[in-house]
Amino acid sequence: MSFNWLDYVLIGLVATVTAIQFLRSTKDFSRVLYETLFIVGAVTAASLLLRPLGNLTGLPAPLLLGGAGVTLVVVGMILAAVLDRFVSFGLGIFSYVFGLVFAVACGYALGHLVLRTADLAISPRNAQFAFAVRRSLMARDLLYFKTVTEILVFLRFVR
């Protein structure tokens, strides 16, 4: 299976976020760690709150997911900055390795939020976008976390 245009866009998005977070982690590892934890939590909470908020408000799913996701991510970034003021630390030379891991996790979480919101908003009205999502290797990985699942299964057997 070959890459389509959506794969390139998503790889660019995840790579950009990863590069920014990695470069920031070399200077302030603890803040990147806190931001990653809060962003992953915000994306998870937005996904879990999608159906209850939809039933409660009647607003469209893309608006709810995007709005709740962005709101929770901004709150998470503010909380990470405050927490970093009180508990700041570094891991020395290991900051590079763990900084890269947390940067990739942050990129994947934000990529998931963007792709899932775009999929909910565009796919019902645009068959070409829906087809591109179905045929995209990166989209499947961001939506269903196949690579992360495989890594966790591998680590479980390695122990």
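Quick caveat: nothing in here was measured; it's all calculated off a predicted structure.

Moving on, we come to the environment of Thr-16. Among the secondary structure elements, Thr-16 is positioned in helix H1 (residues 5-25). Judged by its relative accessible area of 44%, Thr-16 falls in the partly exposed class. The spacing of Thr-16 and Ala-103 is 87 residues in sequence and 9.9 Å in space, taken between C-alpha atoms.

Once that is clear, we can look at the environment of Leu-110. Mapping Leu-110 onto the fold places it in helix H4 (residues 94-122). A relative accessible area of 22% means that Leu-110 is categorised as partly exposed. Note: C-alpha distance between Leu-110 and Thr-36 (74 residues apart in sequence) is 9.8 Å. Beyond its immediate sequence surroundings of up to four residues, Leu-110 is in contact with Val-17, Ile-39 and Val-73.

Quick look at the side chain of Asp-7 now. By the secondary structure assignment, Asp-7 is in helix H1. Here Asp-7 sits buried without a salt bridge, and the closest side chain of opposite charge, Arg-140, lies 7.6 Å off (N-O distance). Within the local environment of Asp-7, its side chain forms a polar contact with the side chain of Ser-136, the two groups lying 2.4 Å apart.

Quick look at the packing of H1 against helix H6 (residues 137-144) now. The interhelical angle for the contact between H1 and H6, taken along N-to-C directions, is 50°, at an axis separation of 7 Å. Between H1 and H6, the angle falls in the class oblique. Listed contacts from H6 to Leu-6, Asp-7, Leu-10, Ile-11 and Val-14 of H1 are Leu-137, Met-138, Ala-139 and Leu-142. Among the residues making up the contact of H1 with H6, the classes are represented as 8 nonpolar, no polar and 1 charged.

Cut-offs used in this document
Residues numbered from 1 in each chain as written. Predicted model: local features only at pLDDT ≥ 70, side-chain atom pairs only at ≥ 80, totals over all residues. Heavy atoms only, no water. Helix = DSSP H or I, 4+ residues; strand = E, 2+ residues; numbered from the N terminus. Buried < 20%, exposed > 50% of the residue type's maximum accessible area, 1.4 Å probe, protein only. Contact = heavy atoms within 4.5 Å. Lys, Arg positive; Asp, Glu negative; His and termini not counted. Salt bridge = Lys/Arg side-chain N within 4 Å of Asp/Glu carboxyl O. Polar contact = N/O pair within 3.5 Å; in protein donor to acceptor, adjacent residues only side chain to side chain. Axes fitted to C-alpha atoms, helices over the stretch in contact; angles between N-to-C directions. Parallel < 35°, antiparallel > 145°, perpendicular 65-115°, else oblique. Nonpolar A, V, L, I, M, F, W, Y, C, P; charged D, E, K, R; others polar.

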